[in-house]
Amino acid sequence: MLKYIKLLNQTYISIEKVRLALAIFWNFIGIATDIAIGLLISFLFNINESFQFLFIDFRSIQVISGLLVLCAGIRIFSKYSEEKYARAIHLGIDKQLKDTSAEKLFSKQNVSVPDTFFKINKESEMIGESIYIVLKYINGLIQFVLFSAALIYINALGYLSLVAFSSLVLYPLKRSNELLKVSNTEYKDSVMDINEAAENITSNFYLIKILQTTRLEIEKFLSISNKYLQSFLRNYILSVTAYHLPQTLALMFLGVSFIIFPSVRILEHVTFIIVAIRLVQALGQIIQYRLYFGRFTSYLDDFLNEATNDDFTPENYKDLNSVNGELSKDNIVELKEITFKYSGSGEELFNNLSTSIKAGSHTTIVGPNGSGKSTLLGIIGGIYLPVEGSVLRGYKTVGYVGAKPLILKASIRENLLYGVKEKISDEKLLEVLDYFKVFPIIEKETLNKEISNQSLSSGQMQKISFCRIEIQNPELLLLDESTSNLDVESLSKVVEYLDSKNFTIVNVTHNPLAFSGVDVRLEMIENNVVEV
């Protein structure tokens, strides 16, 4: 576990040393107050054996009680502070990874969008959590060492007996945590299964009723629901058992210790009991976090493998639109013998691919899912660069409409003017909204209406994207399933609009026949593109 901290420090991840030191410091304070509380409670049990130290009279019940309250307050604060700084490190690393992944997407060459989505949503969280687990493991080790030292000082023979007893009960302790680890996985899978089953029967309600397979689907759902219930109960029982087992075993041993060592003073007995309970809890924490850490190792290994071969800094990547050159006559884009693969991937998506786009033409790109249509669109638009070959571009402005348009949680005016540098009048904006029939009623106040991707239909979002195109008036227009959510009337309006403009259009679509005025049709076949 500790080796990962060292390896992560060799990447761009920065673990804040001040917060790390503070987390460990407050762990020490917590340990000290635990031992102090044990001593103070023991003084209450045997007030006659107490003593006076400096100005504190440990023979007074009121003084001891007051110190207990003080220590309890310090202990709570120390636990809060330790957790706060440990979580701050966890969240700090999570934020570093999210920020860097987002920055890489726009600054580094050929970064995969799905990979970035995974890194921002899952990998960053898992790596941040794994560091938190390591910190809790380290604090558990520190607690174990210091509590052991305290017990040896209080009663060395009793500590040796506790170690011998622990060796006997270590197996059930470890076994319970192993079962909990398996149960966590089963419970996680059962949650995914029941969510998938619920989505299946609700999304396919019409089909199930029409085909009269209701009983079959309900029986399948009930079976999955029963498995979910069983896994939840098993996980809950094992969680409670794993949490209480260390304390239970410690109390069992301490009960036996009273029988084995009847001559030991009450003062030593009470202090020993309290510290021993904390020792066994620390041991349980070490085992629990050591086992829990196993679920994070695959994420860490993948990240370290990529990070150690990554020279990314935001400054060392050139402008992705800088690959230009002398174009052949009439062409606006030329791809010459390009080979392409995504960053971190060993698989080539394109090999020796060549094609050209004529200025003012409408080119459609078709092909099966995963064949690289959208990636080719990205190369044409300057989003990606080939690892071999050359890309020549003769345009200055680009527009883009995709299947899932960007809609800001802002006014319609702000959405229409997203990315626009020059001043556009409200009259022009209203005219564009009316042309594409984005809303049934369009008036001046419409521009101030706040919208989001939750308040609009998917078709309205695509219409707003085409409104942006009219406002931007780009030389090259890239379309990626841009009309997939439009009704027949709206599709006809968009096709009419595209035919009326002098854009150079490159159009990825599964429905090429819906567009008139198409000049060239390209098809993706086996890592290459052919004109058909």
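This text gives an overview of the structure that appears in the document. No experiment lies behind these values; they were computed from the predicted model shown.

**Digging into helix H1 (residues 2-9)**
So, step 1. Buried residues of H1: Tyr4, Ile5 and Leu8, and no others. Projection of H1 onto a plane perpendicular to its axis shows the buried side chains occupying an angular sector of 105°, all on one side. For H1, exposure combined with an orientation more than 90 degrees from the buried face picks out Lys3 and Lys6.
So, step 2. Buried-residue contacts for H1 involve helix H4 (113-154) and helix H9 (297-307).

**A look at the pattern of salt bridges**
So, step 1. Under the counting rule described, the total for this entry stands at 18 salt bridges.
So, step 2. Glu123 is the partner of Lys119 in a salt bridge, and the nearest nitrogen-oxygen pair spans 3.4 Å. Pair noted here: Lys119 and Glu123 are both in helix H4, with a separation of 4 residues, about one helical turn.
So, step 3. Judged by relative accessible area, which is 16%, Lys119 ranks as buried.

**A look at a nonpolar patch on the surface**
So, step 1. Taken together, the side chains of Leu229, Phe232, Leu233, Tyr236, Ile237 and Val240 present a nonpolar region at the surface, about 560 Å² in accessible area.
So, step 2. As for its position among the elements, Leu229 is in helix H7 (residues 214-260).

**As for a negative patch on the surface**
So, step 1. A surface patch of negative charge is lined by Asp189, Asp193, Glu196 and Glu199.
So, step 2. In this structure, Glu199 sits in helix H5 (residues 156-203).

**Focus on the packing of H4 against H9**
So, step 1. Two numbers describe how H4 lies on H9: the axes approach to 9 Å, and their chain directions differ by 110°. Relative to H9, the element H4 lies roughly perpendicular. Read as a crossing pair, H4 and H9 show a hand that is left-handed. Here Phe118, Lys119, Lys122, Glu123, Met126, Ile127 and Ser130 of H4 come into contact with H9, specifically with Tyr299, Leu300, Phe303 and Glu306.
So, step 2. For the contact of H4 with H9, the residue count by class is 6 nonpolar, 1 polar and 4 charged.

Reading the values: the criteria
- Residues numbered from 1 in each chain as written.
- Predicted model: local features only at pLDDT ≥ 70, side-chain atom pairs only at ≥ 80, totals over all residues.
- Heavy atoms only, no water.
- Buried < 20%, exposed > 50% of the residue type's maximum accessible area, 1.4 Å probe, protein only.
- Helix = DSSP H or I, 4+ residues; strand = E, 2+ residues; numbered from the N terminus.
- Arc of directions from axis to C-beta.
- Contact = heavy atoms within 4.5 Å.
- Salt bridge = Lys/Arg side-chain N within 4 Å of Asp/Glu carboxyl O.
- Patch = residues over 30% accessible without salt bridge, like charges linked within 9 Å, V, L, I, M, F, W, Y side chains within 5 Å.
- Areas by Shrake-Rupley, 256 points an atom, 1.4 Å probe, with all protein chains shown as cover.
- Lys, Arg positive; Asp, Glu negative; His and termini not counted.
- Charge placed at Lys NZ, Arg CZ, Asp CG, Glu CD.
- Axes fitted to C-alpha atoms, helices over the stretch in contact; angles between N-to-C directions.
- Parallel < 35°, antiparallel > 145°, perpendicular 65-115°, else oblique.
- Left-handed = near helix turned anticlockwise from the far one by under 90°.
- Nonpolar A, V, L, I, M, F, W, Y, C, P; charged D, E, K, R; others polar.

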